[in-house]
Amino acid sequence: MPLIWTPLMLTLTLAAPGPQAAGQTQAGFLYKTLTLDGEKYAYAVFVPPEYTPERAWPVILFLHGSGERGDDGFKQTQIGISTMIRRNYRRVPAIVVMPQCRERQAWPGPMSEMALKCVEQTSRDYRLDPQRIYLTGLSLGGQGAWHLAAELPGRFAAVVPVCGFAEWGESTGVAEKLAGRLTDVPIWCYHGTADEAVPVEKTREMARLIKAGGGDIRYTEVPGGPHNVWDVAYADDAMWDWLFQQRLE
């Protein structure tokens, strides 16, 4: 899985919700589309049944793994954070934005720009809290979470990379570059020791580097845990309690 990290000049902007937000009644997993540079992208947004524009809501940007890539707009709602929401949606009192990465692409690069545009467009329809924007991703999306958080170190209140990696294959110094930009970002990462797809050493390295730089990082390593350690991560009540306590100053 050779992947090349290409830095982009990325921005994350939230807009004031439009007049239609006040009359918004739809909740659950909603199909949305975005047009960027003349290309149409489908994505999904989870809206809690209790949503009201009377208050600002936390927002979670979720980046899926390689198996959910495509253009149908919903495959990414069948794994990870979506499983937790279906089991107990009250545990995730937030708007959740779920973009979909194109086939044969990775999150670092243009797909990250698309993901941020999905958040921006969502902010036009729902009242989002700019101090409580969270980022999480699993596997390929875990890589995306590490990279995007490093690109925008002051924009996410907290980041939860799950079984991710800084780069694939032999180290070329990417982990060190990312870690150096993440020392001021609250992070809780997860990995299983028996991961057959992404070696646990990938997360160990990031945790070690960030901690050595004085970063605020928590690392949960699951003994014997397979690649789908995201089932453990998103079912962890302590993680959700911690996450929603984080906010930008």
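Residues numbered from 1 in each chain as written. Predicted model: local features only at pLDDT ≥ 70, side-chain atom pairs only at ≥ 80, totals over all residues. Heavy atoms only, no water.

Asker: Is there a simple way to think about helix α5 (residues 201-212) in this case?
Answerer: Structural remark: α-helix, 3.6 residues per turn; residues separated by three or four positions point the same way. Relative to the 16 Å expected for 12 residues at 1.5 Å per residue, α5 spans 16 Å between its end C-alpha atoms, a close match to the ideal helical length. Inspection of α5 places K202, T203, M206, A207, L209 and I210 among the buried residues, and these make up the whole buried set. The arc that holds the buried residues of α5, viewed along the axis, is 165 degrees, so those residues lie on one side. When the buried face of α5 is taken as reference, the exposed residues oriented beyond 90 degrees from it are R208, K211 and A212. Those residues of α5 hidden inside the fold are in contact with α3 (140-151), α4 (174-180), β7 (187-192) and β8 (217-222). Of the residues flanking the end of α5, it is G214, one or two places downstream, whose phi is positive at about 85 degrees. (Helix = DSSP H or I, 4+ residues; strand = E, 2+ residues; numbered from the N terminus. Expected span 1.5 Å × (residues − 1). Buried < 20%, exposed > 50% of the residue type's maximum accessible area, 1.4 Å probe, protein only. Arc of directions from axis to C-beta. Contact = heavy atoms within 4.5 Å.)

Asker: Would you mind showing me how to read the nonpolar core here?
Answerer: Most often, soluble globular proteins have nonpolar side chains that are buried together. The biggest cluster of nonpolar side chains holds 54 residues, and the ones touching the most others in it are L61, I95, L135, W146, F156, L182 and M206. In this structure, M206 is in contact with W146, A166, A175, L178, A179 and L182, ignoring residues within four places of it in sequence. In terms of nonpolar packing, the next biggest core, distinct from the first, is built from 31 residues, F46, I81, I85 and Y134 among them. (Core = buried A, V, L, I, M, F, W, Y, C linked by side-chain atoms within 4.5 Å.)

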